[in-house]
There are 2 protein chains.
Amino acid sequence: MSLIVQKFGGSSVRDAQRVMNVARRVTKTYAKGNSVVVVVSAQGDTTDDLIEKAREINPKANKREMDVLLSSGEQISIALLAMAIEGLGYPAKSLTGWQAGFVTDSSHGNSRIRRVETERIENELDKGNIVIVAGFQGLNRYDDITTLGRGGSDTSAVAIAAACRADLCQIFTDVEGVYTADPRLVPEARKLAEISYDEMLELATLGAQVLHNRSVEMAKKYNVPLEVLSSLVEKPGTVIKEVAKMEKMLIKGVARDNHVTRISLIGLEDVPGIAFRIFSALAARKINIDIILQSVGRDNTKDISFTVSDSQREDAVAVVEELKQTLRAKNIACDGVTKLSVVGAGMESNPGVAAMMFEALSEAGVNIQMIATSEIKISVLIDREESDRALRAVHSAFVAG
Amino acid sequence: MSLIVQKFGGSSVRDAQRVMNVARRVTKTYAKGNSVVVVVSAQGDTTDDLIEKAREINPKANKREMDVLLSSGEQISIALLAMAIEGLGYPAKSLTGWQAGFVTDSSHGNSRIRRVETERIENELDKGNIVIVAGFQGLNRYDDITTLGRGGSDTSAVAIAAACRADLCQIFTDVEGVYTADPRLVPEARKLAEISYDEMLELATLGAQVLHNRSVEMAKKYNVPLEVLSSLVEKPGTVIKEVAKMEKMLIKGVARDNHVTRISLIGLEDVPGIAFRIFSALAARKINIDIILQSVGRDNTKDISFTVSDSQREDAVAVVEELKQTLRAKNIACDGVTKLSVVGAGMESNPGVAAMMFEALSEAGVNIQMIATSEIKISVLIDREESDRALRAVHSAFVAG
């Protein structure tokens, strides 16, 4: 008998029929003799509807009250799912975030989980109940309701799995697992049977929207085996764990991110301390920098380019414009680009990977603007208009080939 | 500076505009230098919508889970009202039932409040906050969410007023106060400035749907001054307190209840113990009996009649049918009737009241089927079809006259 944590997102419980589907799925696992904790999100559009209600009343609503408001969404889901499971003849008990022992910090709307006090969950499991927990929410030390922000429900599920030492944490989604590339763009993309935490983290960062990084980071930290699988089709998904089984293929996946802005300061004086001044000013405004490239310019000057996500474009440009005069930059350029990446452990010991990637892009006639590498990934910046073609070319070179 | 508890029902907060109205009303009281605790119900049809969601999934949903589900409705209201108040520039903090310290017993769906642990409410008041509390809900000793059942939010407000020793508990409703009769039926009905707890209890029991009995009983027990007033019109309402100011008028109001069923067992043997057997069997099924009448029948038999609310009609008839044979009743009759009552303290020392009532009914040609009296009320059962005419006749004899 194993302890399994199963997480279902908002679209999986959006109406009565979907809730019944989830109930059948959960009870099947329970009927095999497993203990089951289920984490659910708010139904379908509930969260958006609640946000709209708040906006009508106060567009600048206080975050504490937003958390009180939004956490009601999961409270509805847990009750309905418990009723559905009981309707199938199985014992169930719903727990809100605070009942389930989620203690968080006080950053309303974006709280981090400090710990899960598992006594109540374990008591209910000991009584033979299927335990249904509201994802995305907790309680801070002042007994105020908090929410976890983006990716919160996945993180709730992993946190319970870690705290209760579950054997497996299953994340049910709209897709059947983790693919070598987005199957909507690359028809020949393959589903992976296994992938390591680090590879998954790189893929998530690079724009594969399967799992939020926070949940994968936590799973890695506490060594919780994760499985990503479909809530609609009953098939094995992709298992994410410390050391994934060696597959023939070195490259685990190809990902792209179309929301990247490249900002370049051109013609900077070639004196020490320039990079420090630029990036400390950006850090002070909480702007996350991804790739940085410094190149030698003409006439004893240099150019510095870096990328940010499109959502921070305006803030980053403002910082750079302020610095332009002091740094005596000749020019500032700003472009929306695509980041295309290949991810796979062991890449560093295979120098051929980069060459293969560049060759595939060259054959497809795609120009590479910038290159960045880590131990398990190679990323290039390319023109957004060429991104579909580039994705297919690189995927076919590494995965389908 | 006073501490005032204000309660607003579901229709008072049914949309953004109504929520803003409530916020303006509340902040006006606060701006005069009062400490304010506001109790709110779920918005408009929210509770019905949630019940429908549950019914789709499991028509026999467990009551514990219904409480988890339904309590989300008030959680939405408190957050929205707090946002509205903050939008007007005043400090507010919302508290769910469990945050506000409501400890109840474990009768899910119909819990009784055991106590209110007021520490959190008082801390927030001390910080100068307008405190918004979710009505209708609490927590039992197992840390499970409970709801208070019918009249729950009024009772929540009175319980806070009692526990925090508030100076006044204002219940905002759709009507402007307590009237001498239902103003929709009797145009000349007058609003009362004051009424005693006992008189209010009789009126509530008799079908004047202004306040639920539970809340009036609690207000009487803890001597909390209540005021019933309109949420839409800014006018003084009716104050309910221990000893109401003597008004000229002896009779405080005329009330009617159209949901009364009279059940008669006809031709019972005239032996001891018959009444005991009937009413203990009814009590065992938790059927509430209102009026009981025993009369001498023909041929050494007797008849016993009693009234129940229409909602318990089927259950009561079933009990009586079971007993029919054992008791050798010749016949069982069951009719829907109207109970018409006049209420007023001091009635017992004025024997003329009953006579005046009977005279008014007689002049209006209304036949009286049964009569029951208490210290402060006289009730008669009449034909439902004559109830409008009877109500107006009695009201004009006592109040308008």
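All figures in this text were calculated on a predicted structure; none of them were measured in a lab.

Draft legend 1. Structural view of the overall build of chain A. Scanning chain A from N- to C-terminus turns up 11 helices and 18 strands. For 401 residues, the compact-globule formula gives about 21 Å, and the C-alpha radius of gyration of chain A, at 24 Å, lands near that figure. The C-alpha extent of chain A, read off along each of the three principal axes, is 80 × 50 × 35 Å. In chain A, which comprises 401 residues, the proportion classed as buried is 57%. Residue pairs in contact within chain A that sit at least 24 positions apart in sequence constitute 74% of those at least 6 positions apart. Carbon and sulfur atoms provide 47% of the accessible area of chain A, an area that totals close to 17600 Å². Of the charged side chains in chain A, 48 are positive and 53 negative; the average position of the first set lies 1 Å away from that of the second.

Draft legend 2. Spatial organisation of the interface of chain A and chain B. Listed as interface residues are 42 residues of chain A and, on the opposing side, 42 residues of chain B. The contact between chain A and chain B buries some 3300 Å² in all, and 60% of this surface belongs to carbon and sulfur atoms. Applying the counting criterion to the chain A and chain B interface returns 2 salt bridges. Arg 120 of chain B is paired through a salt bridge with Asp 144 of chain A; the nearest N and O atoms lie 2.6 Å apart. Of all the secondary-structure elements, those providing two or more residues to the side of chain A that touches chain B are helix H1 (16–31), helix H2 (46–57), helix H3 (63–87) and strand S3 (92–95) of chain A. With 17 residues, the top contributor of residues to the side of chain A that touches chain B is H3 of chain A. By residue class, the composition of the side of chain A that touches chain B is 23 nonpolar, 10 polar and 9 charged.

Draft legend 3. Molecular detail of the packing of aromatic side chains. Residue and element names in this part refer to chain A. Going through the model one piece at a time under the given rule, you end up with 7 aromatic pairs over all chains. Residues Phe 8 and Phe 172 carry aromatic rings whose centres are separated by 4.3 Å and whose planes lie at 10° to one another, so their mutual orientation is stacked. A residue pair is termed long-range when its members are at least 10 positions apart, and Phe 8 in strand S1 (residues 3–8) and Phe 172 in strand S9 (residues 168–173) qualify at 164 residues. Residue classification places Phe 8 among the buried positions, given a relative accessible area of 1%. Here Phe 172 falls in the buried class, since its relative accessible area comes to 3%.

Draft legend 4. Layout of the pattern of salt bridges. Under the definition given, this model contains 44 salt bridges over all chains. With a closest N to O distance of 2.8 Å, Asp 154 of chain A and Lys 7 of chain A form a salt bridge. Placement of Asp 154 of chain A in helix H5 (residues 152–163) and of Lys 7 of chain A in strand S1 is noted, with a sequence separation of 147 residues between them. The shortest N-O distance in the salt bridge between Glu 176 of chain A and Lys 235 of chain A comes to 3.1 Å. Here Glu 176 of chain A, found in the loop between S9 and strand S10 (194–196), pairs with Lys 235 of chain A, found in the loop between strand S11 (226–230) and strand S12 (238–241); they are 59 residues apart in sequence, far enough to count as distant. Of the residues examined, Lys 235 of chain A reaches a relative accessible area of 41% and is grouped as partly exposed. Via salt bridges that share partners, Arg 64, Glu 65 and Asp 144 of chain A together with Lys 93, Arg 120, Glu 124 and Lys 127 of chain B belong to a single interconnected network.

Draft legend 5. Layout of H5 of chain A. Residue and element names in this part refer to chain A. Taking 1.5 Å of rise per residue, 12 residues should cover 16 Å, and H5 covers 16 Å from first to last C-alpha, within 8% of that figure. With respect to burial, H5 is a largely interior element, 11 of its 12 residues being buried. Those residues of H5 not exposed but buried are Gly 152, Ser 153, Asp 154, Thr 155, Ser 156, Ala 157, Val 158, Ala 159, Ile 160, Ala 161 and Ala 162. Just beyond H5, the residue with positive phi is Arg 165, at close to 50°.

Draft legend 6. Here's a closer look at unusual backbone geometry. Backbone geometry at Lys 286 of chain A places phi at a positive 60°, although glycine is not the residue there. Mapping Lys 286 of chain A onto the fold places it in the loop between helix H8 (274–284) and strand S14 (292–296).

Draft legend 7. How the structure looks around the relation of the copies chain A and chain B. If you rotate chain A by 179° and push it 0.1 Å along the axis, it lands on chain B with an RMSD of 0.4 Å. The superposition of one copy onto the other is thereby described by a two-fold rotation axis. For chain A, the residue whose C-alpha comes nearest the rotation axis is Ser 72 of chain A, separated from it by 2.3 Å. Most of the interface of chain A is mirrored in chain B: 100% of its interface residues are interface residues there too.

Draft legend 8. View of the sheet that holds strand S9 (residues 168–173) of chain B. Residues and elements named next belong to chain B. Spatial ordering of the open sheet is given by S3-S6-S2-S1-S9-S11-S12-S10, a layout of 8 strands whose pairing is mixed. Of all the strands in the sheet, the pair left with one neighbour each is strand S3 (92–95) and strand S10 (194–196). For this sheet the average axis-to-axis angle between neighbouring strands, irrespective of direction, equals 20°. By the bridge criterion, 3 bridges tie S10 to strand S12 (residues 238–241) in an arrangement that is parallel. Within S12, the residue paired with Ile 195 across the bridge is Ile 240.

Draft legend 9. Seen up close, the packing of H3 of chain A against helix H3 (residues 63–87) of chain B. The interhelical angle for the contact between H3 of chain A and H3 of chain B, taken along N-to-C directions, is 170°, at an axis separation of 8 Å. Classified by the angle between their axes, H3 of chain A and H3 of chain B sit roughly antiparallel to one another. Taken together, the residues of the contact of H3 of chain A with H3 of chain B sort by class into 18 nonpolar, 6 polar and 4 charged.

Cut-offs and rules
Residues numbered from 1 in each chain as written. Chains lettered and ligands numbered in written order. Predicted model: local features only at pLDDT ≥ 70, side-chain atom pairs only at ≥ 80, totals over all residues. Heavy atoms only, no water. Helix = DSSP H or I, 4+ residues; strand = E, 2+ residues; numbered from the N terminus. Rg over C-alpha atoms; globule rule 2.2 N^0.38 Å. Buried < 20%, exposed > 50% of the residue type's maximum accessible area, 1.4 Å probe, protein only. Contact = heavy atoms within 4.5 Å. Areas by Shrake-Rupley, 256 points an atom, 1.4 Å probe, with all protein chains shown as cover. Lys, Arg positive; Asp, Glu negative; His and termini not counted. Charge placed at Lys NZ, Arg CZ, Asp CG, Glu CD. Buried area = accessible area lost by both parts, 1.4 Å probe. Salt bridge = Lys/Arg side-chain N within 4 Å of Asp/Glu carboxyl O. Nonpolar A, V, L, I, M, F, W, Y, C, P; charged D, E, K, R; others polar. Phe/Tyr/Trp six-rings, centres within 6.5 Å; stacked < 30°, edge-to-face > 60°. Expected span 1.5 Å × (residues − 1). Least-squares fit on C-alpha atoms with pLDDT ≥ 70 in both. Pairing = 2+ DSSP bridges. Axes fitted to C-alpha atoms, helices over the stretch in contact; angles between N-to-C directions. Parallel < 35°, antiparallel > 145°, perpendicular 65-115°, else oblique.

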